[in-house]
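Inside the fold
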Amino acid sequence: MASVLLLAAAGAAGAALLALRLWVVLRSRAPGPRQSLSLLVVAGSGGHTTEILRLLEKLSNAYSPRHYIIADTDEMSAHKINSFELDRADRDPNTMFPEYYIHRIPRSREVRQSWLSTVVTTLYSMWLSFPLTHRVKPDLVLCNGPGTCVPICISALLLGILGIKKVIIVYVESICRVEHLSLSGKILFHLSDYFIVQWPALKEKYPKSVYLGRIV
């Protein structure tokens, strides 16, 4: 009986310390100004990739190197990213060799996949995401809703919890979401440092979000 109580007390203490560490990470301030910021961008198939690349058009070359995360079966996004980076280099004569990398992870959820199997595939994707995120150690994660962004953002959050590095997470809800958040948005609303919405109706429902109007 005593050993059970001791284990329960140890588990409760560990959970309390983890919760405290998570609170510290989420409340910590962003790092000061730098000459460059390592950027990790999560791209999704179809419209998600198009929107995130439109957003990247407005960012300076200070956000470099750029690491793109795509699903392992998403060849269309890889093509769009390569074209985007080549066009960007052509427009800027100072960028002869754009510094960007494309990484692949398994999809968290396929279209029409059952919710029960989604839990398994998401855990598997997260298992592979953490080593990748740990290797890249980005300063900032930028995403806009594809399911792939959930394991990446949780992995980035774990870097801070483990005391490895504080990573700023910026989530931009898709322009298609007018009144309701996407599933990824609902999951990451409380975990991101900046949660940006593009419609006033969402700002009213989620006062802690940041409304900047239409940005893509």
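Residues numbered from 1 in each chain as written. Predicted model: local features only at pLDDT ≥ 70, side-chain atom pairs only at ≥ 80, totals over all residues. Heavy atoms only, no water.

In the nomenclature of an unreviewed UniProt entry, the chain corresponds to UDP-N-acetylglucosamine transferase subunit ALG14 from the organism Canis lupus dingo. Per its UniProt entry, the chain bears the Subunit (unreviewed entry) comment "Forms with ALG13 the active heterodimeric UDP-N-acetylglucosamine transferase complex." Quoted straight from UniProt, the Sequence similarities (unreviewed entry) entry for the chain says "Belongs to the ALG14 family." (UniProt positions renumbered as here; feature names shortened; annotations may be inferred.)

Per-residue confidence for the chain averages 83 on the pLDDT scale, and 78% of its residues sit at or above 70. Helix H1 (residues 2-27) is the least confidently modelled element of the chain, averaging 44 in pLDDT, while strand E5 (residues 168-172) averages 97, the highest of any element. (pLDDT = per-residue confidence, 0-100. Helix = DSSP H or I, 4+ residues; strand = E, 2+ residues; numbered from the N terminus.)

Our next topic: unusual backbone geometry. The omega torsion of the bond from Ser 64 to Pro 65 falls at 0°, within 30 degrees of zero and hence cis. Assignment of secondary structure puts Pro 65 in the loop between helix H2 (47-56) and strand E2 (66-71). Phi is positive for Lys 137, which is not a glycine, with a value near 45°. Relative to the assigned elements, Lys 137 resides in the loop between helix H4 (115-136) and strand E4 (140-143).

Right, let's get into the packing of H2 against helix H3 (residues 75-91). Look at H2 against H3: their axes get within 10 Å of each other, and the N-to-C directions meet at 15°. Classified by the angle their axes make, H2 and H3 are roughly parallel. With respect to the hand of their crossing, H2 and H3 are arranged in right-handed fashion. Only Ser 77, Lys 80, Ile 81, Phe 84 and Arg 88 of H3 make contact with H2, whose side of the interface consists of Thr 49, Thr 50, Leu 53 and Leu 56. Residues belonging to the contact of H2 with H3 are distributed by class as follows: 4 nonpolar, 3 polar and 2 charged. (Axes fitted to C-alpha atoms, helices over the stretch in contact; angles between N-to-C directions. Parallel < 35°, antiparallel > 145°, perpendicular 65-115°, else oblique. Left-handed = near helix turned anticlockwise from the far one by under 90°. Contact = heavy atoms within 4.5 Å. Nonpolar A, V, L, I, M, F, W, Y, C, P; charged D, E, K, R; others polar.)

Mapped onto the elements of the fold, Arg 66 is located in strand E2. Reaching out from Arg 66, the side chain makes a polar contact with the backbone oxygen of Tyr 63 at a distance of 3.0 Å. Residues contacting Arg 66, with those up to four places away along its chain left out, are Leu 39, Asn 61, Glu 85, Arg 88, Pro 98, Glu 99, Tyr 100 and Tyr 101. (Polar contact = N/O pair within 3.5 Å; in protein donor to acceptor, adjacent residues only side chain to side chain.)

Here 7 strands make up an open sheet; going across it, the order is E3-E2-E1-E4-E5-E6-E7 and the pairing parallel. Looking at which strands have only one partner, the edges of the open sheet turn out to be strand E3 (100-105) and strand E7 (210-211). Sheet topology note: the E4/E5 ladder contains 4 bridges and is parallel. Bridge assignment links Cys 143 to a residue of E5, and that residue is Tyr 171. In the packing of helix H5 (residues 149-161) onto the sheet, contacts are made with strand E1 (39-42), E2, E3, E4 and E5, and the angle to E4 comes to roughly 160°. (Pairing = 2+ DSSP bridges.)

What follows deals with the environment of Thr 73. Examined against the element boundaries, Thr 73 turns out to sit in the loop between E2 and H3. Taking relative accessible area as the criterion, Thr 73 reaches 51% and is therefore assigned exposed. With 31 residues separating them in the primary sequence, Thr 73 and Arg 104 have C-alpha atoms 8.4 Å apart. (Buried < 20%, exposed > 50% of the residue type's maximum accessible area, 1.4 Å probe, protein only.)

On to the packing of aromatic side chains, then. Tallied over the entire structure, the rule returns 4 aromatic pairs. Centre to centre, the rings of Tyr 68 and Tyr 100 are 6.2 Å apart; their planes meet at 80°, and the pair counts as edge-to-face. Of the two residues, Tyr 68 is situated in strand E2 and Tyr 100 in strand E3; the sequence distance between them amounts to 32 residues. Overall, Tyr 68 belongs to the buried group, its relative accessible area being 0%. Counting every residue linked through ring pairs, the aromatic cluster contains Tyr 171, Phe 189, Phe 195 and Tyr 206. (Phe/Tyr/Trp six-rings, centres within 6.5 Å; stacked < 30°, edge-to-face > 60°.)

This part covers the pairing of E4. Neither face of E4 is exposed, since Leu 140 and Leu 142 on one face and Val 141 and Cys 143 on the opposite face are all buried. Two elements, E1 and E4, share 3 bridges in a ladder whose sense is parallel. Bridging from a neighbouring strand, Leu 40 pairs with Val 141 of E4.

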